[in-house]
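Chains, contacts and geometry: an overview
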Amino acid sequence: MYRKWIVKLTAHARFSTLCLHAGQEPDPSTGAIITPIYQTSTYVQEALGKHKGYEYARTQNPTRAALERNLAAIEGGKAGFAFASGMAAIGAVATMLKAGDHVIVSDNTYGGTFRFFDKVLSRCQLSFSYVDTSQLEAVERAFTPATRMLFVETPTNPVMQITDLRAAADLAHRHDARLVVDNTFASPCLQRPIEFGADLVVHSTTKYLNGHSDSVGGVAIAVRDEDIEWLGFVQNAEGAILGPFDAWLVLRGTKTLPIRMARHNENGLALARFLEPHPKVSHVYYPGLPSHPQHELAARQMRGFGGMLSFDLGSLEGARRLLNGVRLLALAESLGGVESLISHPATMTHASVPADRRSALGITDGLVRISAGIEDIEDLKEDLSQALAHV
Ligand SMILES: Cc1ncc(COP(=O)(O)O)c(C=O)c1O
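Read on for an overview of the structure. (Residues numbered from 1 in each chain as written. Predicted model: local features only at pLDDT ≥ 70, side-chain atom pairs only at ≥ 80, totals over all residues. Heavy atoms only, no water.)

**Notes on the sheet that holds strand S6 (residues 200-204)**
- Taking strand neighbours across the sheet as the criterion, the 7 strands line up as S1-S7-S6-S5-S4-S2-S3 in an open arrangement whose pairing is mixed. The outermost strands of the open sheet, each flanked by one partner alone, are strand S1 (79-83) and strand S3 (127-131). For this sheet, the mean angle separating the axes of adjacent strands, direction not counted, is 20 degrees.
- Packing of helix H3 (residues 62-75) onto the sheet brings it into contact with S1, S6 and strand S7 (218-222), and relative to S1 it is tilted by some 125 degrees.
- Against the sheet, helix H7 (residues 165-174) contacts strand S4 (147-153) and strand S5 (178-182), and its axis sits at roughly 145 degrees relative to S5. (Pairing = 2+ DSSP bridges. Helix = DSSP H or I, 4+ residues; strand = E, 2+ residues; numbered from the N terminus. Axes fitted to C-alpha atoms, helices over the stretch in contact; angles between N-to-C directions. Contact = heavy atoms within 4.5 Å.)

Spelled out as structure tokens, the structure:
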């Protein structure tokens, strides 16, 4: 009966169309156009050994499955696995490693990822080298015979370094390692690492994919059959699954991802251009500015420069005055929502990174990060102008 809707996507359906429709069919029992929230823990079986493919909700849930198909399609992967948080997704990918394995990680990676690798996984006979992955020779030098994974974030948080994804994939594969890309900052709207050869993509869906600051979640997307089999097994075995309501929220979020990202891009670029010549600002980190050392690489591998930018006010006191002076921008951790957020990486997102590492990475006490939302740009500029006057 709903056949015509089920086959509505052609093999060459474009990104916006995939965002809206991929993975979702009208509900078979009612025709509801929106995938229902299957808020159930178990499924009644018709007879012993006879069921509809659903036995227990940790293992299978139709709302989660629709989201996983949707996210796999928009990242260009084969299968997706949704988890309770971005960290849970990274944790699941890490179970692909075995004692003795070595991982190369972007030195500027999210503080929580660093904490997980450094404080938890290093107890399991796994070793990690933190390398500036924007410097390919440094990456090449870091490989050892035990390296099984190259874990890259690009752009990095918060100083927006860019790694050449195609070169990183080639390097990883030459050393018989997987390239894993945390694509949270760019979203698949701006960058699809699998197109460049990445083996696995992870996201904190908490950010742009959900986009409305009302859900915490994560996803891992894979292309290789053995990875898909393992991640499906681990998702059920560990059980850190995304709940059905959160899956539904993210599914609603991806429907508007392209139009949200277009505005995030516009506002991010406009704020970077506004801040760069400001006399109180010593440096702006934004890959869309020609002054960014990897502007050309970013332009090549991204379809827009995103809504994340950082800038340096030279001192903790300067940062404090700005952060306490803003009215419209909200002082908060996280990113990727429709409302603009402002934060202080050294004491907030990167507080778990030791001070000497922070300063080596350029995360100074004067550094401020903005997640540009989709408000009217003039209101954002006015708010920053009045707050900068206090610095
Ligand atoms: C780039 C990046 N990766 C992973 C995470 C972890 O995601 P979650 O907070 O959903 O566990 C974050 C969180 O801020 C992040 O920014």
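**Side note on helix H10 (residues 244-255)**
- Helix length check: H10 (12 residues) gives 17 Å between terminal C-alpha atoms against 16 Å at 1.5 Å per residue, within 8%.
- Buried residues of H10: Pro244, Ala247, Leu249, Val250, Leu251, Gly253 and Thr254, and no others.
- On the buried face of H10, the contacting elements are helix H2 (15-21), H3 and helix H11 (257-275). (Expected span 1.5 Å × (residues − 1). Buried < 20%, exposed > 50% of the residue type's maximum accessible area, 1.4 Å probe, protein only.)

**Things to note about the packing of helix H4 (residues 86-94) against helix H5 (residues 111-120)**
- The geometry of H4 relative to H5 is characterised by a closest axis approach of 11 Å and an angle of 40 degrees between their N-to-C directions. On the basis of the axis angle, H4 is oblique to H5. The handedness of the crossing between H4 and H5 comes out as right-handed. Here H4 contributes Met87, Ile90, Gly91 and Ala94 to the contact with H5, which in turn contributes Gly112, Thr113, Phe116 and Phe117.
- Of the residues belonging to the contact of H4 with H5, the class tally is 5 nonpolar, 3 polar and no charged. (Parallel < 35°, antiparallel > 145°, perpendicular 65-115°, else oblique. Left-handed = near helix turned anticlockwise from the far one by under 90°. Nonpolar A, V, L, I, M, F, W, Y, C, P; charged D, E, K, R; others polar.)

**Here we look at the site of the ligand**
- The immediate surroundings of the ligand are formed by Ser85, Gly86, Met87, Tyr110, Glu153, Asp182, Thr184, Ser204, Thr206, Lys207 and Gly217.
- Relative to its unbound accessible surface of 380 Å², the ligand loses 89% to contact with the protein.
- Taken together, the residues that form the shell around the ligand break down as 2 nonpolar, 6 polar and 3 charged. (Near = heavy atom within 4 Å. Areas by Shrake-Rupley, 256 points an atom, 1.4 Å probe, with all protein chains shown as cover.)

**So, the environment of Lys119**
- Tracing the sequence through the fold places Lys119 in helix H5.
- In this structure the side chain of Lys119 is engaged in a polar contact, spanning 3.2 Å, whose partner is the side chain of Asp118. (Polar contact = N/O pair within 3.5 Å; in protein donor to acceptor, adjacent residues only side chain to side chain.)

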